[in-house]
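Structural overview
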Amino acid sequence: LPETSEEFSPWRTAQRPANCLPPQDNSFTVEDESICTSVEGLMYSFTISDPHQKGNPLVFVSPGFETLSGYSSDEMIGVNCKVLQSKATDKAKVSAIKDGLRERHFTSVELLNQRKDGRSFQNLLCIVPVLDTYDNLLQFVGLQCDLDEKRRREHVDEHFTVKWPEQVRHYLTAFMLTDNRQEVAPVTAISPGFTQILGYSQMDILGCSCLGIAGPDSNQKMMRKWIMSQWEDKPVACKLLCYHKDGAPKWCYIFSCPLTAVQGSVARQTLSVLIDITS
């Protein structure tokens, strides 16, 4: 863990990539609260798995997933998410999931799953493949929606079960992978969706600090919170004023997720999900 001091405070000294244009005025750039609310609902329960490790095990689970499944993070890291399946789970739905993983495409299914205590629940599952700009597969992100609990609180119809996956597919496109072993948490890979939101190619930003997407008017407390979560291998969510390569300001909701190796040792990488919440 780097020493935080006046001499080393990267949130104060972060520089944008060399080939970008100066930041533009952000006076009229505001967050869209309705998008924030939708995004927080989508990102309540989610997992990240590593297809490069045997069995595609989970390397991150959100606190919401722990609540939903009844399993702790320690119990689930290194385990395939199929542990939630039961004898009553539709085999055709399981095959659809396997096909999506094999073909690396977005998958959405509604299937019966089982909590640790044996109680069943109807799960609306979306799986998003994380690809870099060279089409290399990095991870899979899975999002879960407990339809039974949802129905207890509000009306859920066919429109919802169609719209929810559409929202997941729309918002979860921008990903950034960083190396926590280095103090400035340099970028090691980005997705095409990241390029679409902030304009940088992978070559533009490779090796730059993750804080390089911020600017002079970005909240330093949020920048500090984001990079320190990577030093400490802790998940965090924060809203940060970011800047496009052309200088245009954008508000991003960032979900920063430390990835853990199967053996239980920290992989020293963080996958950050960036969602454009600009009004």
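It should be noted that the structure appears before, not after, this text.
Residues numbered from 1 in each chain as written. Predicted model: local features only at pLDDT ≥ 70, side-chain atom pairs only at ≥ 80, totals over all residues. Heavy atoms only, no water.

**Here's the deal with helix α5 (residues 91-103)**
Filter applied, for reference: Each helix is a run of H or I in the DSSP string that is no shorter than four residues. Each strand is a run of E no shorter than two, and both are numbered from the N terminus. Expected helix span is computed as 1.5 Å times (number of residues minus one). Each residue is placed in one exposure class: buried if its accessible area under a 1.4 Å probe, protein chains only, is under 20% of its type's maximum, exposed if it is over 50%, and partly exposed if it falls in between. Working definition: the arc comes from the directions between the helix axis and the C-beta atoms, pointing outward to the latter. Residue contacts are defined here by distance: any two heavy atoms, one from each residue, within 4.5 Å place the two residues in contact. The definition of a polar contact used here is a pair of N or O atoms within 3.5 Å, where within protein one atom must be able to donate a hydrogen and the other to accept one, and adjacent residues in sequence count solely through side-chain atom pairs.
With 13 residues, α5 extends 18 Å from end C-alpha to end C-alpha; this agrees with the ideal 18 Å at 1.5 Å per step. Those residues of α5 that sit buried are Val94, Ile97 and Gly100. Along the axis of α5, the buried positions cluster into a sector of 120°, meaning they face one direction only. Exposed residues lying more than 90 degrees from the buried face of α5 are Lys91, Ala92, Lys98 and Arg102. Contact partners of the buried residues in α5: β3 (107-114) and β4 (120-131). Sitting at the amino-terminal end of α5 is Asp90, which places a side-chain oxygen 2.8 Å from the backbone nitrogen of Ala92. A positive phi of about 60° marks Arg104, the residue just after α5.

**Re the pattern of salt bridges**
In plain terms, the rule: What counts as a salt bridge is simple: a side-chain nitrogen of Lys or Arg found within 4 Å of a carboxyl oxygen of Asp or Glu.
Taken as a whole and assessed by the stated rule, the structure comprises 16 salt bridges. With a shortest N-O distance of 3.5 Å, Glu31 and Lys239 are connected by a salt bridge. Note that Glu31 is positioned in the loop between α1 (10-13) and α2 (33-42) and Lys239 in strand β8 (residues 236-243), a separation of 208 residues in sequence. Ionic pairing is found between Glu154 and Lys150, a salt bridge with its closest N-O pair at 3.5 Å. Where salt bridges share partners, they join Glu149, Lys150, Arg152, Arg153 and Glu154 into one cluster.

**Focus on the layout of surface pockets**
Stated precisely, the cut-off is as follows: A pocket, in this scheme, is an open set of points on a 1 Å grid over the protein atoms alone with protein on both sides within 12 Å along at least 5 of 7 lines, while a cavity is a set where a 1.4 Å probe fits but cannot get out; residues line either one if an atom lies within 4 Å of a point. Grid points are joined across faces, edges and corners, and a volume is the space filled by probe spheres set on the points. Put simply, Ala, Val, Leu, Ile, Met, Phe, Trp, Tyr, Cys and Pro go in the nonpolar bin, Asp, Glu, Lys and Arg in the charged bin, and everything else, Gly too, in the polar bin.
Within this model, the largest pocket holds a volume of roughly 540 Å³. If you go around the largest pocket, you meet 25 residues; those closest to its centre are Asn56, Asn80, Cys81, Ile97 and Leu101. Among the elements of the structure, β1 (46-49), α5, β3, β4 and β5 (137-146) are those that each provide at least two residues to the lining of the largest pocket. At 5 residues, β5 tops the list of elements feeding residues into the lining of the largest pocket. Split by residue class, the lining of the largest pocket holds 13 nonpolar, 10 polar and 2 charged. Within this model, the second largest pocket holds a volume of roughly 450 Å³. In terms of lining, the second largest pocket is formed by 22 residues, of which the most central are Gly41, Tyr44, Cys145, Lys150 and Arg153. Contributing elements (two or more residues each) for the lining of the second largest pocket: α2, α3 (63-69), β5, α6 (147-153) and α7 (158-171).

**A short note on the nonpolar core**
Proteins that are soluble and globular tend to have nonpolar side chains buried together. Formally: The criterion is simple. A nonpolar core is a set of buried Ala, Val, Leu, Ile, Met, Phe, Trp, Tyr and Cys residues joined through side-chain atoms within 4.5 Å.
Counting residues in each nonpolar core, the largest one holds 39 residues, and the members touching the most others are Met43, Val141, Leu143, Trp164, Leu172 and Ile275. If one sorts the elements of this core by residue count, strand β9 (residues 249-260) sits on top with 5 residues. Contacts of Ile275, omitting those with residues within four sequence positions, involve Val39, Met43, Tyr171, Leu172, Trp251, Cys252, Tyr253 and Phe255. Formed by 28 residues, the second largest nonpolar core is a distinct cluster that contains Met223, Met228, Val236 and Cys242.

**Structural notes on the environment of Leu177**
For Leu177, the position within the fold is in strand β6 (residues 174-179). In this structure, the C-alpha to C-alpha distance between Leu177 and Leu138, residues 39 residues apart in sequence, is 8.8 Å. Among all residues touching Leu177, those that are not within four sequence positions of it are Gln139, Pro186, Val187, Thr188, Ala189, Leu259, Gln269, Thr270 and Leu271.

**Observations concerning the environment of Val184**
Its place among the elements puts Val184 in the loop between β6 and β7 (187-190). Residues Val184 and Gln85, spaced 99 residues apart in sequence, show a C-alpha to C-alpha distance of 40 Å. If sequence neighbours within four positions are ignored, Val184 has contacts with Ser209, Cys210 and Ile227.

**Observations regarding the side chain of Thr107**
The topology assignment puts Thr107 in strand β3. A relative accessible area of 7% means that Thr107 is categorised as buried. Among the polar contacts listed, one links the side chain of Thr107 to the backbone oxygen of His105, at a separation of 3.2 Å. Those residues in contact with Thr107 that lie beyond four places of it in its chain are Ala96, Ile97, Gly100, Leu125, Cys126 and Ile127.

**Looking at the packing of α2 against α7**
Note the threshold: Only the stretch in contact is used when a helix axis is fitted, and all axes are lines through C-alpha atoms; the angle between N-to-C directions ranges over 0 to 180 degrees. Relative orientations are named as follows: roughly parallel for angles under 35 degrees, roughly antiparallel for angles over 145 degrees, roughly perpendicular for angles from 65 to 115 degrees, and oblique for any other angle.
In the contact formed by α2 and α7, the axes pass within 11 Å of each other and the chain directions differ by 105°. Taken together, the axis directions place α2 and α7 in an arrangement best described as roughly perpendicular. Residue-level contacts link Ile35, Ser38, Val39 and Leu42 of α2 to Trp164, Gln167, Val168 and Tyr171 of α7. Class assignment for the residues of the contact of α2 with α7 results in 6 nonpolar, 2 polar and no charged.

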